[in-house]
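Coordinate analysis (summary)
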Amino acid sequence: MLSVLDTVLDRALVLGYSRIGHLIRRRTWSGGRADPPRGALAGRTALVTGAGGGLGEAMATGLVRLGATVHLLVRSPDKGRAAQDRIVAAVPGLSRDRLPVQVCDLGELADVRAFATRFATEVEALDLLVHNAGLLPKERSETSEGNELTLAVHVLGPLLLTRLLADTLAAGAERSGTDSRVVVVSSGGMYAQPLRDDDLQFTRGDYGGTAAYARTKRMQVVLTGQLADELGPRGITVHAMHPGWARTPGVTGSLPLFDAVVGPVLRTPAQGADTVVWLAAAPTSEIGTGRFWHDRAARPVHYLGRTRETAEQRDRFRAEVDRLTG
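Attention here is on the structure that accompanies the text. (Residues numbered from 1 in each chain as written. Predicted model: local features only at pLDDT ≥ 70, side-chain atom pairs only at ≥ 80, totals over all residues. Heavy atoms only, no water.)

Turning our eyes to something else, we now look at the pairing of strand E6 (residues 236-241). Among the six residues that make up E6, six are buried, leaving the element largely enclosed by the rest of the structure. Going residue by residue along E6, you find Ile236, Val238 and Ala240 tucked away on one face and Thr237, His239 and Met241 tucked away on the opposite face as well. The pairing of strand E5 (residues 180-185) with E6 spans six bridges and is parallel. Among the inter-strand pairings, Val182 is bridged to a residue of E6, identified as Val238. Tracing the backbone out of E5, into helix H9 (residues 209-231) and back to the parallel element E6 gives a crossover that is right-handed. Here two bridges tie E6 to strand E7 (residues 292-294), and the two strands are oriented parallel to one another. Looking across to E7, one finds that Ala240 is bridged to Phe292. (Buried < 20%, exposed > 50% of the residue type's maximum accessible area, 1.4 Å probe, protein only. Helix = DSSP H or I, 4+ residues; strand = E, 2+ residues; numbered from the N terminus. Pairing = 2+ DSSP bridges. Right-handed = clockwise from strand over helix to strand, strands pointing away.)

Written out as structure tokens, the structure is:
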């Protein structure tokens, strides 16, 4: 019955994606899905992108509560320091040394390369890399390197950063004796979009920020499976998840009408971040690799036949993002 209820919640978006779904499901979490014990991540090192507020800040807070040192990767140093202040105030006894602020613009691949080189010299081993940074622009724009902005921030930057830090992640796996983990924060909006391997840069048709966001979120889920195969032999597992509908500055600022209609049942940032924190500490036997998660359960990556991609489409997509990231 619990499995049936969970499936019903997952199909009924307002119930499953809202705080209602999280609160109902939480009552069923036990065994491998139970809350990680205190100190579960003691001695571990994490890097969370987009950590200047919202979900990223909530993820960082959850991870430091479990004992991890969490590097806050932000584009704005001021936002990073402000988030650091809030987390230190929220977690009794927390030292700022466990919350270093790192600065990088993930949309600019040259900046990603420079940051990864610097970070790898400062941090010998990395146990967790969370790709949370995101945006939803109203109009199409390009980075200085000529890439469509949502593609650059959601797909190209995370792919490049993961590969450049693969040695550091592998060192984390060797140090801990278990897998290091990469977690990609996608969106349930990807269910409405197929993999557009023929138009990654969204140059055809009328541009829509919501559509571009959902397209790149679909790309992230496809990329998760591909990176899981690539990095698995090095002791690195790769996971994707979606947080449901959470009240964050990104939602309230980019989708004011959505916020006005659904606002009363939006999740808190901590509820949206919960699955990431759980994935960071869950038993390897419970989570495997290359899967798509929501509320501590693996979910289908397609609900609509029209969104299913072929192996050939996945290969073309992979070849193009490889080319674009060099």
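Now for the environment of Phe202. Position of Phe202 among the secondary structure elements: in the loop between E5 and H9. Distance from Phe202 to Glu148, taken between C-alpha atoms, is 7.2 Å for residues 54 residues apart in sequence. What Phe202 contacts, discounting residues up to four positions off in sequence, is Arg140, Tyr207, Gly208, Ala211, Ala212 and Arg215. (Contact = heavy atoms within 4.5 Å.)

Because each turn of an α-helix spans 3.6 residues, side chains separated by three or four positions end up pointing in the same direction. Helix length check: helix H4 (residues 54-65) (twelve residues) gives 17 Å between terminal C-alpha atoms against 16 Å at 1.5 Å per residue, within 8%. Most of H4 is tucked away, with eleven of its twelve residues classed as buried. When we look at burial in H4, the residues that qualify are Gly54, Leu55, Gly56, Glu57, Ala58, Met59, Ala60, Thr61, Gly62, Leu63 and Val64. Where H4 ends, the next residue or the one after it, Gly67, has phi of about 105 degrees, a positive value. (Expected span 1.5 Å × (residues − 1).)

Let us now look at the packing of aromatic side chains. Following the criterion strictly, the structure yields six aromatic pairs and no others. Look at Trp278 and Trp293: their rings are 5.3 Å apart centre to centre, the planes differ by 65 degrees, and that puts the pair in the edge-to-face class. Of this pair, Trp278 sits in helix H12 (residues 269-281) while Trp293 sits in strand E7; the two residues are 15 residues apart in sequence, bridging distant segments of the chain. For Trp278, a relative accessible area of 1% puts it in the buried group. Residue classification places Trp293 among the buried positions, given a relative accessible area of 2%. It is Arg215 that lies over the ring of Phe202; its NZ or CZ is 3.7 Å from the centre. (Phe/Tyr/Trp six-rings, centres within 6.5 Å; stacked < 30°, edge-to-face > 60°. Lys NZ or Arg CZ within 6 Å of the ring centre and 35° of its normal.)

Between helix H6 (residues 109-122) and helix H7 (residues 149-164), the shortest axis-to-axis distance is 10 Å and the interhelical angle comes to 25 degrees. The pairing of H6 with H7 is recorded here as roughly parallel in orientation. Read as a crossing pair, H6 and H7 show a hand that is right-handed. On the side of H6, the interface is formed by Leu109, Val112, Arg113, Phe115 and Ala116, while H7 contributes Leu156, Gly157, Leu160, Leu161 and Leu164. (Axes fitted to C-alpha atoms, helices over the stretch in contact; angles between N-to-C directions. Parallel < 35°, antiparallel > 145°, perpendicular 65-115°, else oblique. Left-handed = near helix turned anticlockwise from the far one by under 90°.)

That's the geometry; what it means functionally is another story.
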